[in-house]
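Working through the structure, step by step
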Amino acid sequence: MSWNWKFLSLILLSTLVDYFCGIKVHDSKTEQKKKFYVFLSVAANLTVLGFFKYYNFFAENLVALTSLFGWSPGDVTLNIVLPVGISFYTFQTMSYSIDIYRKEIEPERNILNFALFVACFPQLVAGPIERAKSLLPQIQTPRTITWKMIQKGTWMILWGYFLKIFVADNAGLIVDNVFAKSGIIPGGEALLGIYAFAFQIFGDFAGYSSIAIGVAALMGFKLRTNFLFPYFVTNPQDFWRNWHISLSTWLRDYLYIPLGGNRGSELNLYRNLFLTMLLGGIWHGAAWTFVIWGIYQGGILIIHRYFSPYISRYTENIQWSNLQQKVINAVKVIWMFQITCLGWLIFRANSVDQIIYFLRSIFLNLTAYTPEIPYYSLQLAFLVLPLLVIQFFQFKFDSKNSLKYFPSYTRYAIYLGLYYFIVVFGEFGSREFIYFQF
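A short tour of the structure in this document, coming up. All values reported here derive from a predicted model rather than from experimental measurement.

**Re the pattern of salt bridges**
- Applying the stated criterion across every chain yields a total of nine salt bridges.
- Put simply, arginine 348 and aspartate 176 hold a salt bridge, and the shortest N to O gap is 3.4 Å. Within this pair, whereas arginine 348 is found in helix H13 (residues 322-348), its partner aspartate 176 is found in helix H7 (residues 147-179), the two being separated by 172 residues in sequence.
- Residue class for aspartate 176 comes out partly exposed when judged on its relative accessible area of 30%.
- Of the charged contacts in the structure, one is a salt bridge between arginine 252 and aspartate 253, with a shortest N-O distance of 2.8 Å.

Shown next as structure tokens:
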């Protein structure tokens with residue numbers, strides 16, 4: 001509301017529609033009426049989301065298509081601003097109505113409780129996307145804020161600011177410089193720009209989620225984990241179990257499984273994977289780069305699913321030593337990171353042409369040298385190494401709060417070190433969170 005009070009009407013509309021539809025879905029006597037109110041909830045949310053997020057994209061492409069046939073309708077785009085948080089709270093309220101229809105939850109009849117569920121401010125703007133079955137019971141009952149929650153919340157906020165201000169915003173300076181260039185550029189510079197964006201988007205988005213979880217903990221709420229260790233995985237399926245977990249599980253539960261999931265033939269499974277990731281790409285934004293990114297993610301998931309049984313059968317009788325297994329896993333992690341970074345090139349590129357130029361730069365102009373390459377390399381290493389060290393221990397102990405396993409003097413040294421990195425080396429320019437645009 002402090003940004004633009006007019007857009008308060010949208011979240012109010014979403015709240016009222018889903019509050020009403022949720023009660024009607026539960027209280028209706030016939031299956032036909034239940035389905036009608038679920039449809040009304042989904043249609044209302046998708047209509048609002050579709051208009052504000054995709055109207056201009058489809059209008060521009062429709063004009064381009066009709067111009068091929070000699071018809072020029074003129075400018076049909078509108079001066080539309082994307083409202084803050086709309087992609088997140090529409091998905092959150094849609095899942096509420098669907099869960100009531102599935103008889104997984106009871107409707108919330110206190111409209112203030114439901115309004116708080118929709119507009120719970122720590123995670124409202126960029127997630128995690130919460131489910132009613134998890135967040136509503138915390139709203140309905142008195143919350144007790146314990147010392148353990150204060151400790152966890154403070155750590156998550158500190159970790160989030162480290163990810164955002166030190167890692168993401170400094171890496172963003174490299175990314176902006178590299179992606180501002182057009183045409184063929186030195187391949188090493190292109191690679192460094194892509195690698196920098198991989199850590200920028202992780203630090204930026206995981207940083208926001210950590211801050212949101214920490215702030216919520218100080219208020220007595222427990223939000224779901226949204227990021228684990230996406231750059232320590234060995235295959236695309238595990239990547240989506242570690243990256244933007246609240247969205248990937250939302251797409252799984254409300255799109256992939258209703259489409260049929262892994263039931264039926266292999267061909268149907270591949271179709272469901274492809275459609276789910278395609279729509280996941282489109283959810284991120286109204287641009288062809290996001291469409292291609294969704295296609296790419298669906299494609300690598302299908303390839304992984306197809307070849308995994310053959311690879312497993314080939315390797316199941318091979319006895320690897322402990323050292324050999326560690327080397328193989330390390331190679332898999334490095335290889336998967338390259339596959340992920342190709343996806344980040346598609347995601348970050350300003351146009352489809354820039355994707356092609358960057359790929360040509362990497363494969364045809366890799367040995368070209370510029371003074372920026374060693375400078376960017378050292379800067380990126382300085383930003384990434386502290387992150388990877390802490391992430392390694394988090395991965396090893398399988399805990400985002402892995403520091404609890406260290407002696408107190410070690411923990412406080414790490415806290416002080418993170419604070420030092422933020423204050424001394426942090427980028428305090430006006431860089432909003434990347435996912436605010438989605």
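**Observations regarding the packing of helix H12 (residues 288-315) against H13**
- Two elements in contact, H12 and H13, have axes separated by 8 Å at closest approach and are oriented at 160°. Regarding the angle of H12 to H13, the classification is roughly antiparallel. Crossing hand, H12 versus H13: right-handed. Counted together, Thr289, Phe290, Ile292, Trp293, Tyr296, Gln297 and Ile300 of H12 and Ile339, Leu342, Gly343, Trp344, Ile346 and Phe347 of H13 form the full contact between these two elements.
- Among the residues making up the contact of H12 with H13, the classes are represented as ten nonpolar, three polar and no charged.

**Regarding the environment of glycine 429**
- With respect to the helices, strands and loops of the structure, glycine 429 is situated in the segment after helix H16 (408-425).
- Each C-alpha atom of the pair glycine 429 and isoleucine 165 lies 9.1 Å from the other, and the pair is 264 residues apart in sequence.

**Thoughts on a positive patch on the surface**
- Taken together, Lys148, Lys152, Lys222 and Lys404 make up a surface patch of like positive charges.
- Among the structural elements, lysine 222 can be located in the loop between helix H8 (187-218) and helix H9 (236-242).

**Here's the deal with the packing of aromatic side chains**
- In the structure shown here, the tally under the stated rule is 54 aromatic pairs.
- Both rings, one in tryptophan 344 and one in phenylalanine 347, keep their centres 5.5 Å apart while their planes meet at 90°; by these two values the pair is edge-to-face. Here the residue tryptophan 344 and the residue phenylalanine 347 both occupy positions in helix H13, the gap between them amounting to three residues, near one helical turn. Here the two residues tryptophan 344 and phenylalanine 347 agree in accessibility, since each one is buried.

**Concerning unusual backbone geometry**
- The backbone of lysine 103 sits at a positive phi, close to 65°, despite the residue not being glycine.
- If you trace the backbone, lysine 103 turns up in the loop between helix H3 (86-101) and helix H4 (111-119).
- Lysine 103 gets classed as exposed once you look at its relative accessible area, which sits at 72%.
- For histidine 244, which is not a glycine, the phi torsion comes out positive at approximately 45°.
- Tracing the backbone through its elements, the reader meets histidine 244 in the loop between H9 and helix H10 (245-259).

Analysis parameters
- Residues numbered from 1 in each chain as written.
- Predicted model: local features only at pLDDT ≥ 70, side-chain atom pairs only at ≥ 80, totals over all residues.
- Heavy atoms only, no water.
- Salt bridge = Lys/Arg side-chain N within 4 Å of Asp/Glu carboxyl O.
- Helix = DSSP H or I, 4+ residues; strand = E, 2+ residues; numbered from the N terminus.
- Buried < 20%, exposed > 50% of the residue type's maximum accessible area, 1.4 Å probe, protein only.
- Axes fitted to C-alpha atoms, helices over the stretch in contact; angles between N-to-C directions.
- Parallel < 35°, antiparallel > 145°, perpendicular 65-115°, else oblique.
- Left-handed = near helix turned anticlockwise from the far one by under 90°.
- Contact = heavy atoms within 4.5 Å.
- Nonpolar A, V, L, I, M, F, W, Y, C, P; charged D, E, K, R; others polar.
- Patch = residues over 30% accessible without salt bridge, like charges linked within 9 Å, V, L, I, M, F, W, Y side chains within 5 Å.
- Areas by Shrake-Rupley, 256 points an atom, 1.4 Å probe, with all protein chains shown as cover.
- Lys, Arg positive; Asp, Glu negative; His and termini not counted.
- Charge placed at Lys NZ, Arg CZ, Asp CG, Glu CD.
- Phe/Tyr/Trp six-rings, centres within 6.5 Å; stacked < 30°, edge-to-face > 60°.

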